Amino acid sequence: MKLKATFYLLNYDFSPEFAESNYDGKPSENNRYYDWEDELALTNEILEIKTHREADYFLMGQFPDGKKFNEKVPNMLLFECIGQNGESTWLGCSESIIDSYEIITDDNTISLTVTMAENEPLSNPVPGIYIGVSSFPKSLIIEEN
């Protein structure tokens, strides 16, 4: 099956009253329900998705000076997308920013929909990974002078 993942960030300025009185309850250009959405599609065949609550995720990479890093990000909601070849693709968000999620499977597609709350600023260091600022590793924050 193919996997389509959609991540939404709720707009806390959305007014249901304004929408109801002016647009039959629907969002409008000046009263958006979401601040933004991010859609990803995996090209490999996915057999299933496993959910891991309050899990650790590791950010790995290299600083511009060549020094490598491997930093733990705690308290994540991770979605393990298991492919036919046994390899996994990981998607996820900090538990602190999750509003809701839904996984729907039909004959050909797995749809993952994740709605994030605007509780705190977040970063998106890797496609499909969203980390709340309170969970982001302090050692990876570069202060500009």
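Residues numbered from 1 in each chain as written. Predicted model: local features only at pLDDT ≥ 70, side-chain atom pairs only at ≥ 80, totals over all residues. Heavy atoms only, no water.

Quick look at the side chain of Thr6
Tracing the backbone shows Thr6 in strand β1 (residues 2-10). For Thr6, a relative accessible area of 5% corresponds to the buried category. Not counting chain neighbours up to four residues away, the residues in contact with Thr6 comprise Glu37, Asp38, Glu39, Leu112, Thr113 and Val114. (Helix = DSSP H or I, 4+ residues; strand = E, 2+ residues; numbered from the N terminus. Buried < 20%, exposed > 50% of the residue type's maximum accessible area, 1.4 Å probe, protein only. Contact = heavy atoms within 4.5 Å.)

What to know about the nonpolar core
Leu3, Phe7, Leu91, Cys93, Val114 and Met116 are the most contacted members of the largest nonpolar core, which has 20 residues in total. At the level of elements, β1, β2 (34-42), β3 (46-62), β4 (68-83), β5 (88-94) and β7 (109-116) are the ones that each hand at least two residues to this core. For Val114, the contacting residues outside a window of four places in its chain are Thr6, Phe7, Tyr8, Phe79, Cys93, Ile98, Ser100 and Tyr101. Core analysis: the next-biggest nonpolar cluster, separate from the first, contains 11 residues, Tyr57, Met76, Phe136 and Leu140 among them. (Core = buried A, V, L, I, M, F, W, Y, C linked by side-chain atoms within 4.5 Å.)

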